[in-house]
Structure formats: structure tokens, C-alpha cells
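Fold and geometry: a report
Given next are the chains, with one letter for each unit.
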Amino acid sequence: MTADQAQAGISKAQIEDLKERIRIEDIVKRYVKLKPVGKNLFGVCPFHSEKTPSFSVNPDLNLFKCYGCGEGGDVISFIQKVEALEFREALEFLAKEAGVTLKFSTRSGGDSKEYTRAKEAHLLAAQYFRFLLNKHPVGAEARTYVDERGLSGNTQMTFMIGYAPPRGVHTSLVTFLARKDFSPAELVNIGLASKKESRIVDKFVDRLMFPIFDHNGTVIGFTGRVFRKNDDRPKYLNSPESIIFQKRRNLYGLNIAKKHIRTIDRAIFVEGTTDVISSWSAGVPNVVAPLGTGITEDQLDRLKRYSENISVAFDDDNAGRNAHLRLAILAFSKGFSVFSVRIPKGKDPDECIRIDPEVWKKAANSPLPTISFFLDIQTETHDNKTLEGKQAIVKAIAPLMNAVSDPIIYEHHLEEISTVVDVPVPELKRQIPKLRQTRSFDQPPLRRVSRPQERLNDTPQPPTNEPKAHIYETHLLALISQFPNLLSWSCEKIPVDDIQSKTVKKLVKTILETYRKQSKPADITHVVISTLDKADRQRMTELLMRPLWTEQPSQDELCKELNGTIKNIREHAIRSEITQLKRKLTLSEQRGETRQANISLNQIHEKVRELEALHASG
């Protein structure tokens, strides 16, 4: 059992049964445009930028592999990666697709039954709050407020906005969920109810309700907002942490924004739920918000699965700028490219959108590099012509610069700072690292993350030290593996004895022997794979999925390619024999063995004629 299986509390048999029920190509084609080429399907990889398709799916093996970035695995691995899911979440996603129910025995952090019931209770609560806002008389005043705020029916439905009733009315969430067999004590444990003296009452009272979803769209908590002008309670009330809700791991709006973040290749951070909803309504959908706390590494790690570019659009006040700075430092240290949105009207996105949505759209789509943004703020505050002003500007910008892990970004902004404060770049290079500890806010030690170098080519190249003979031999193996129909034409033509690699020779022999027994080329893959040990199985799998053509070749093209490969293998075998015979000739001459030398010389002439005939055959 793997660590993932153990943590999810699920048997290997259930996982294998699930994979048997799902065809990997049916799942992958929702994310990648696939073209059939031989036994494989090829497309442009969804996990890295490329122009030449190097992403391969093999339906027989139920596996995927990208030969550009190296990602590969089964359908569970694919869904984990493309949807940014944990292992258990990926299983649940696929189980829903297959229409099966999985049985989990335990779950890290709590009992599986408790976890499942917590999710059920939160979904029922969200539906209950929606009903009160839309249909019940108790929600009339809240409905009026929502309409006045311009929140359309589609927006309300998308974000599942609802209403929690006042205390003392005849309906309550605790009463409603009791009819669904949830005990009051259970509701307290999962944050939907509170203990008040000797009674258990609703946690959320007379508030607009905004469900908090995890990245997979499951309701895990709520944010309740007051809406009356004379309400002196705290403006927002969030669910407490529970078995299904941890603030540090989740971002509000990510379930809706994630596909847009991946498409646009940028996420925009705003401060509150209303900012997210207003931005989505205004046509800027790649927006997320923290849940009442500062940004955490867990949140950024999850976001990085969708994009390494972020913009920040926090309130334009001291608290907002300080939070903005903390987020930028942490994001830079984790390898993100960080930008900042300067909002020209209003102090937050929601207010800006209510004044003029187009202003927000323009600002969101043209952010400034964050270091340039803060450099502008510092030059507005300090005189960059005086010594004191220059020192203050560099000191304020140093924490951001010291967090940058990309050398290109670092050098670019060094030049920019040098121009602003009129201090040479070499001097700034010496001084800025010394100012690492000048931050005025509590910040954990920075963890510098080196960004991987970008690939120079879209598709991988064979190692430069790999012998040509071995390249041709593995190409032959890949050809007959991916296009087994060639065997009916070329089975007797394949020069097994000329293959120098022991591993390749063994695999070619296995394929030919299997074909001769079955005479069904299309069915040999599983038979061959099942006979191999782990190392050979991995090698065979890699060859079965390797990109050979970007389009389906014709039978003539296949035969020509195979003929050429066989010819190359034979040529290298002959040249290898000639080399060995020349060594033997030299040794015989040194020993004075004239008869043996003449034999070796004649054999060399024979091999040369064979080589010439091979070339003449075209």
C-alpha cells in the first residue's frame, strides 16, 4: 500500500477497480486536444508551455507521459495534477465520473464518517440559507439589499449566496438539521452552532451568508456579513476551523477562479469575499481572497499548481499596503512573479467596480511589477534627491529585493532602483543584502526557492553520448511496439541478431515470439508487458508512449521508416564486425600468423562488399 492509499484509507482493489472503469483518454481529452498516432494519442502538454506536441496518452496501458516536462502516470495522477487535487480528492472526483461509491476506512485528521457528515451538513446549510434568501418571507429585507447591490440571480446562484435568520424566529438551522439527523453537539463541533449558556443555537444570525468552498467546489465553511446600516456587530463572521475547514489551506473563490487562472496564467489577490464576487460579475474572474488571515505558504503552494504569476489588489491604506508587502515577499521567495494593481477609483475593488467596472477591468489587466509599484509609493513619500530620501527608499525596497529568487527580475529592478536613487548598481548589490532584517513587520525567515531553468527546446533530445546503434535499436523497438501491424509485413525482416543492446534484443525477441504465437498484432501489448520484470516493463512503457510522429503516418511511410531503421541497424552491425576483424588482423600480423591474417583480410573484404551492397539497395 502506498502512502497516499494509507492516508486516504482506501484499498488497492478499489483503486484498481476505479481505474478499470475509466478510460484515461476520456478524461484527458477534456483538457487536451488529442490526435491518434499509432497506438497512442498525442497533444500539447497542459503542464508546461510547448509548441510541438510531446504529451502522450496510451489507452492500452491507461497511462500518460509528457516527454517535454517529464510528467507522467495514471488517470489519478493526471487529475491530481490538472485539477490540483489531493489523492483522496482525485479518487472522489473520478468515482463521481464513474458512478461508483468508494469506501474509506480512515482519514488523516479525523474519522471518515465524521468528515463525510461535516460536508453533508455544510451543503444542507448552504441550501437552507439559499432558500431563506430566495423564497422565505424572513429573507425579504436581505433580498432587497442584495438586489440594491446589483448582485444578479446568476451571481447569487454561482456563489450560493444565502441568508441566516434572526434569533427568535420560528425557523433555525439547528432545527432544520435536526430533522436531517444531525445532533446539536455535532453541529457545534463542525462550527455551524454555538453553545449559549445551556442552549445550543445557530452560529450565524441575521447575516448574508457566503459559503466558503474548497478548490474542488465542496462547501467547507461560511462567511456571514451584516447588511443593515445600524448593525454594530463585527462586519464579518467566519466559520471556526473544523475537520473540513482550515483557513491556511483554502482561498475564497478558487473553485470558480482556478480554470480562469490557468487560462489567463495569472491570479489576482483581493482582500474580501465581496471583492471576489464583484470582480467576477464585472468580467474579471481570476480573483481569489484569503480567509481573514494573512497569506500562507499552503495557499501559495496550492495556487502555484495553476499559475506562477500573481497580482495583488489590496486596500490602498496602511493595513492594506502592509498585507500587500507581506504577501509579495512570501510569493517572491517561493518563485512567483508578483505584480500589483493600482486602483484609481475607490479604496478597494468592490467600491471601484460600483463606480465604474471598466476602470477595474483596465487596472486588473495592466498591473505593475510589484517592486516598481512600491518604488513609486516610496518616491511619493521620500525625496529621492536627498541622502536621507535615498536611504529610506532603498531600505524600504530591500525586503522585496532580498526575497526575489529569479536573477533576471533581480537585475532588472536593480537597474530601476539605481536610476531612481542615482546610486550605482554595484553599490546597491553590496548594500541591499545587508538590509534583509530591516522589515518592520513580523515575517518568518525567507526560504529562497530556485526557479527551474526554462527548457530550450519543446521536445527532448537523445543524450549526446548515446551510441547511434542504440538509438536505431530503440527506435525499431518503439516502431513495432506502437505500430504492431508492421509485424505482419516485417516479422522475418527484423535483424534480431544484429541488435547490440541486450535489453532491446530481449524485448524485440519477446514481441516477435508473442506475435508468432498469437498472430494478432493489436493484442500483443498487454501480453508482452505482463511477461517483463519491473525494469523492462518501465523501459517498454516509455518506448510505447514515445512521440514518433505528430500526425498519423500512412502505411507506406511506416514501411519506409522501418526499412530505413533495419538498414541502419544492419549497417552498424557490419561496421562493428569490420572493426573487430581489423583488430583480429592486426593481432595476427603482430604474431606472424600469416594464414589467420589472410582469413581475417578476406572476411573484411566480404563485409565491405556486403556494406556496399546494402548502400546500393537504396
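Each remark here, short or long, concerns the structure printed above.
Note that the structure is a prediction, hence the values are computed from the model and not measured. (Residues numbered from 1 in each chain as written. Predicted model: local features only at pLDDT ≥ 70, side-chain atom pairs only at ≥ 80, totals over all residues. Heavy atoms only, no water.)

1. Section: the pairing of strand 4 (residues 63-66)
The alternating pattern of strand 4 places F64 and C66 on a buried face, while none of L63 and K65, on the opposite face, is buried. Summarising the sheet, strand 3 (residues 55-58) and strand 4 pair through 4 bridges and their orientation is antiparallel. Across the sheet, N58 pairs through a bridge with L63, a residue of strand 4. Taking the residues that link successive antiparallel strands as the turn, the strand 3-strand 4 hairpin has 4 residues, and the phi of N62 there is positive, at about 60 degrees. The pairing of strand 4 with strand 5 (residues 72-73) spans 2 bridges and is antiparallel. Within the sheet, the bridge partner assigned to F64 lies in strand 5 and is G73. Counted along the chain from strand 4 to the antiparallel partner strand 5, the turn is 5 residues long, and its residue G70 has a positive phi close to 95 degrees. (Buried < 20%, exposed > 50% of the residue type's maximum accessible area, 1.4 Å probe, protein only. Helix = DSSP H or I, 4+ residues; strand = E, 2+ residues; numbered from the N terminus. Pairing = 2+ DSSP bridges.)

2. Some remarks on the nonpolar core
Counting 61 residues, the largest nonpolar core has L192, F222, Y252 and W360 as its most contacted members. Per-element tally for this core: the top contributor is helix 6 (residues 112-134), with 10 residues. Here L192 is in contact with A121, H122, A125, L173, L177, L187, D202, K203 and F222, once residues within four sequence places are set aside. Counting 46 residues, the second-largest nonpolar core is a separate cluster that includes L325, F332, I371 and I432. (Core = buried A, V, L, I, M, F, W, Y, C linked by side-chain atoms within 4.5 Å. Contact = heavy atoms within 4.5 Å.)

3. Looking at the side chain of D74
Residue position: D74 is located in the loop between strand 5 and helix 4 (75-83). Separated by 2.9 Å, the side chain of D74 and the backbone nitrogen of S77 make a polar contact. Apart from the residues within four sequence positions on either side, D74 is in contact with K19, I24, N62, L63 and F64. (Polar contact = N/O pair within 3.5 Å; in protein donor to acceptor, adjacent residues only side chain to side chain.)

4. Focus: the packing of aromatic side chains
Counted by the stated rule, this structure contains 16 aromatic pairs. Pairing Y128 with F176 gives two aromatic rings, centres 4.8 Å apart and planes at 20 degrees, and the pair type is stacked. Here F176 lies in helix 9 (residues 173-178) and Y128 lies in helix 6, a separation of 48 residues in the sequence. Exposure class is identical for Y128 and F176. Each is buried. Here the aromatic rings of F204 and F222 are separated by 6.2 Å at their centres, their planes lie at 65 degrees, and the arrangement is edge-to-face. (Phe/Tyr/Trp six-rings, centres within 6.5 Å; stacked < 30°, edge-to-face > 60°.)

5. What to know about the sheet that holds strand 4
The sheet built from 5 strands is open, its strands ordered 1-2-3-4-5 with antiparallel pairing. The open sheet has two edge strands with one neighbour each: strand 1 (35-37) and strand 5. Across 3 bridges, the pairing between strand 2 (residues 40-43) and strand 3 is antiparallel. By the bridge assignment for strand 3, F42 is matched with S56.

6. Overview of the pattern of salt bridges
Inspection of every chain in the model, using the stated rule, returns 31 salt bridges. The residue D301 makes a salt bridge to K334 at a minimum N-O spacing of 2.9 Å. Of this pair, D301 sits in helix 13 (residues 297-303) while K334 sits in the loop between helix 14 (318-333) and strand 15 (337-340); the two residues are 33 residues apart in sequence, bridging distant segments of the chain. On the accessibility criterion, K334 (4% relative accessible area) is buried. We note a salt bridge from R570 to E610, for which the minimum N-O separation is 2.3 Å. Taken together, the residues R570 in helix 26 (residues 555-591) and E610 in helix 27 (residues 594-616) connect sequence positions 40 residues apart. (Salt bridge = Lys/Arg side-chain N within 4 Å of Asp/Glu carboxyl O.)

7. Comments concerning the state of the cysteines
In the structure shown here, the tally under the stated rule is 0 disulfides. The thiol of C45 is unpaired, and the distance to the nearest cysteine sulfur, on C66, comes to 3.5 Å. (Disulfide = S-S within 2.5 Å.)

8. Here we look at helix 4
Since one α-helical turn is 3.6 residues long, residues separated by three or four positions face the same way. Buried within helix 4 we find V75, I76, F78, I79, V82 and E83. Projected down its long axis, helix 4 shows its buried positions confined to an angular sector of 160 degrees, all on one face. Just beyond helix 4, the residue with positive phi is A84, at close to 55 degrees. (Arc of directions from axis to C-beta.)

9. So, helix 2 (residues 12-21)
Those residues of helix 2 that fall on the buried side of the exposure criterion are Q14, I15, L18 and K19. In a view along the axis of helix 2, the buried residues occupy a sector of 135 degrees, so they form one face of it. Among the exposed residues of helix 2, those oriented more than 90 degrees off its buried face are K12, A13, E20 and R21.

10. Digging into the environment of S600
Within the secondary structure, S600 is located in helix 27. Distance from S600 to K582, taken between C-alpha atoms, is 7.4 Å for residues 18 residues apart in sequence. With near-sequence residues (within four places) excluded, S600 lies in contact with L581, K584 and L585.

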